[in-house]
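Each chain, letter by letter, is given below.
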Amino acid sequence: MNVHTASGPAAGAGSVERLGLDAEIRDLYDGHGDGERLLTAFRAAALYVPFTADDEMCSGEADDVRWLYTFTSTGALERFARARVTEGAEPGWESGRVRYRTVLGSRLLDIAVPAAVAVTRTPTGVAVDVGGVRPLLLPPLSGIVPEPVAVDLVSRGLGTEDA
């Protein structure tokens, strides 16, 4: 993983995969989306993931789900960080500049989500380009996140709550 500030490099490894993810998100919004293609593109993409000063992934909570923030471009990350400052943001966003790492989507779903659940005991999904024109939520459901942390399986007793 590379660590940068929000004014860091905008291109590099994974940029082709990010373009594929952007195209899949556009198709979804245009009514021609394919869930499997979208998930495959997400898993292959290197995304920008903001981190707090305490080296925690930036996240938010809505409807009893924790959402790990990810972005397809540094521009989207910078806009979100500036908006957080304007809104009187939580710790980690005060300066409008935020540290980020590039992380493969597959690592977010397979490693970061279960790790977050283990720490917070809260269902966790991934939010892509929150506050942007085409945000995307990948909820904590089977087929998206690992079965032990998929809320649809845990609630039916098919998974375990120990991540």
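J.: Go over the overall build of the protein with me, naming the residues and quoting the values.
T.: Across its full length, the protein carries five helices and seven strands. Going residue by residue from the N terminus, the α and β elements of the protein occur as β-α-α-β-β-β-α-β-α-β-β-α. Buried residues in the protein amount to 41% of all 163 residues. A separation threshold of at least 6 residues defines the contact pool for the protein, and within that pool the share at least 24 residues apart is 63%.

J.: With reference to specific residues and values, describe the sheet that holds strand β4 (residues 65-70).
T.: Taken together, the four strands give an open sheet; going across it, the order is β3-β4-β6-β7, and neighbouring strands pair in mixed fashion. The open sheet is flanked by β3 (59-62) and β7 (136-138), the only strands paired with a single partner. With strand direction ignored, the average angle separating the axes of adjacent strands in the sheet is 30 degrees. Two elements, β3 and β4, share four bridges in a ladder whose sense is antiparallel. Pairing of Ala-62 across the sheet is with Val-65, part of β4.

J.: Explain the nonpolar core to me, using residue names and the numbers behind them.
T.: Within soluble globular proteins, side chains that are nonpolar tend to cluster in buried spots. One finds Leu-21, Phe-42 and Leu-108 to be the most contacted residues of the largest nonpolar core, which totals 28 residues. Of all elements in the fold, only α1 (15-29), α2 (35-44), β2 (46-51), α4 (105-120), β6 (124-128) and β7 reach the threshold of two or more residues within this core. With six residues, the single largest contributor to this core is α4. Each residue touching Leu-108, except ones within four places of it in the same chain, is listed here: Phe-42, Leu-47, Val-49, Met-57, Thr-70, Val-103 and Val-113. Judged by nonpolar contacts, the second largest core, of 13 residues, contains Val-65, Phe-80, Ala-81 and Ala-127.

J.: Talk me through the environment of Leu-137; I want residue IDs and the actual numbers.
T.: By secondary structure assignment, the location of Leu-137 is in strand β7. What makes Leu-137 partly exposed here is its relative accessible area of 49%. In sequence terms Leu-137 and Trp-67 are 70 residues apart; their C-alpha atoms lie 8.2 Å from each other. Not counting residues within four places of it along the chain, the set of residues in contact with Leu-137 comprises Trp-67, Val-126 and Ala-127.

Cut-offs used in this document
- Residues numbered from 1 in each chain as written.
- Predicted model: local features only at pLDDT ≥ 70, side-chain atom pairs only at ≥ 80, totals over all residues.
- Heavy atoms only, no water.
- Helix = DSSP H or I, 4+ residues; strand = E, 2+ residues; numbered from the N terminus.
- Buried < 20%, exposed > 50% of the residue type's maximum accessible area, 1.4 Å probe, protein only.
- Contact = heavy atoms within 4.5 Å.
- Pairing = 2+ DSSP bridges.
- Axes fitted to C-alpha atoms, helices over the stretch in contact; angles between N-to-C directions.
- Core = buried A, V, L, I, M, F, W, Y, C linked by side-chain atoms within 4.5 Å.

By themselves these figures say nothing about function.
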